[in-house]
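# A look at the structure
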Amino acid sequence: MFEAHQRIGGGLRTEALFDSEILHDICAAVHPMAPASPFMRSLDLEAHGVPLLHSPAACGHPLQGRPAALAWRDLDATCAGLGRDGQRWRRPMLPLMERSADVVDLMLSTQRTPPNPKALALLATRLPAQALRVGGGLRTEAARALLTGVAAHGIGRLPSPASAAVALLLGHLAHTTGWPVPQGGSQAVAAVMARQIERLGGRIHTGVRVDDLRDRPPAGSPSWTSRPANWPGSPRCPRGTSARCPATGTDRALPRPTSSSTARSPGPTPASPRPPRSTWAGPTARHRNWPEPRRRRPGG
Ligand SMILES: Cc1cc2nc3c(=O)[nH]c(=O)nc-3n(C[C@H](O)[C@H](O)[C@H](O)COP(=O)(O)OP(=O)(O)OC[C@H]3O[C@@H](n4cnc5c(N)ncnc54)[C@H](O)[C@@H]3O)c2cc1C
């Protein structure tokens, strides 16, 4: 695995910031998918020594001049707090909670296996109501803010089928497996995954930026994680190459290098529970053992 940054983790990094010893999760801090997604369930963080810590309130939305709207782990408490919207919150969430694992597996599946019909029916009858209106038919400001805040985790248009799916997925998880934080910070999750890679014979190289399919070492089958903007179809995607995206099963590739590369010495990544402050490696680091990149064809 080749990581451009000096430390692995990406959005899972935990670092001391602002000249203090206090550790911050620099991006992801709260992990509703950690106890819920099929992959993370199979990984079992707790068995790897990373307890998932829960607050009685899974998530909340602050409101101007009044108490925040809260989704408690307890559905009844949530509905009670949402007043006259309580039943409107319960109605879509309760059936999803009762089939939560099936619903999650369906929503996160690669769509390559036949969907669980009961989970499919549950979603098919609930998604439209959420997808058509911001706030999903809720009437009070607090409930609408709570649901919309959850839907907005999809980082897309509101309302939309995608944001509705996110609202139902993350919304019902608040009352099932919860929205926990990993003890030790999000970096602990990256450390567990790194140990798995190494246990399975993989090696992790940090400070190595890969900007072209031809930059990879000559062996192995590539699996990239990069921006959708660089998926095939982009004019910069080299012809005749394809790479599998582990998250979606979609083929995609990286752009070509923009500058010459310099040698840098990578090594297996220490996955320390208390990480040092990191420094950005710069965009042109390269594995010292790799062959020089092929010269680009004119117009290539
Ligand atoms: C402020 C903020 C708060 C968030 N909070 C949460 C939260 O609480 N809960 C949650 O679940 N999600 C949260 N997210 C979203 C979450 O961080 C991302 O969804 C997640 O990090 C995406 O993971 P990824 O592996 O796809 O990409 P990334 O985490 O971005 O990892 C990509 C990695 O690839 C490396 N890389 C990129 N280009 C190259 C290259 N050319 N060569 C080599 N390496 C390269 C990068 O350095 C990086 O380490 C938050 C995001 C932000 C920005």
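Figured I'd write up the structure that's included with this text. Quick caveat, the model's predicted, so the values are computed rather than measured.

## Thoughts on the site of the ligand
In the vicinity of the ligand lie 17 residues, with Ala4, Gly10, Gly11, Cys27 and Ala28 positioned nearest. The residue inventory of the shell around the ligand, partitioned by class, reads eight nonpolar, six polar and three charged.

## Points about helix H8 (residues 187–199)
Compared with an ideal rise of 1.5 Å per residue, which puts 13 residues at 18 Å, H8 spans 18 Å between its outermost C-alpha atoms and is within 8% of the ideal. By the burial criterion, the buried members of H8 are Gln187, Ala188, Val189, Ala190, Ala191, Met193 and Ala194. Considering only its buried residues, H8 is in contact with strand S2 (14–16) and strand S7 (181–182). Within two residues after H8, Gly201 carries a phi angle of roughly 95 degrees, on the positive side.

## Regarding the nonpolar core
Counting residues in hydrophobic clusters, the biggest one holds 32 residues, and the most contacted among them are Ala143 and Ala167. The set of elements that each furnish at least two residues to this core consists of strand S5 (57–63), strand S6 (66–72), helix H3 (86–98), helix H4 (100–107), helix H5 (117–132), helix H6 (141–151) and helix H7 (161–173). With seven residues, the top contributor of residues to this core is H7. Ala34, Leu45, Val50 and Ala194 belong to the second-largest nonpolar core, a separate cluster that totals 13 residues.

## A look at the packing of H4 against H5
One way to put it is that H4 packs onto H5 with a least axis distance of 9 Å and a crossing angle of 80 degrees. On the basis of the axis angle, H4 is roughly perpendicular to H5. Where H4 approaches H5, its residues Asp102, Val103 and Leu106 are matched on the opposing element by Lys118, Ala119, Leu120, Leu122 and Leu123. A class-by-class count of the residues in the contact of H4 with H5 yields six nonpolar, no polar and two charged.

Calculation notes
Residues numbered from 1 in each chain as written. Predicted model: local features only at pLDDT ≥ 70, side-chain atom pairs only at ≥ 80, totals over all residues. Near = placed C-beta within 6 Å. Nonpolar A, V, L, I, M, F, W, Y, C, P; charged D, E, K, R; others polar. Helix = DSSP H or I, 4+ residues; strand = E, 2+ residues; numbered from the N terminus. Expected span 1.5 Å × (residues − 1). Buried ≥ 20, exposed ≤ 12 C-beta atoms within 10 Å, placed from the backbone. Contact = placed C-beta atoms within 7 Å. Core = buried A, V, L, I, M, F, W, Y, C linked by C-beta atoms within 7 Å. Axes fitted to C-alpha atoms, helices over the stretch in contact; angles between N-to-C directions. Parallel < 35°, antiparallel > 145°, perpendicular 65-115°, else oblique.

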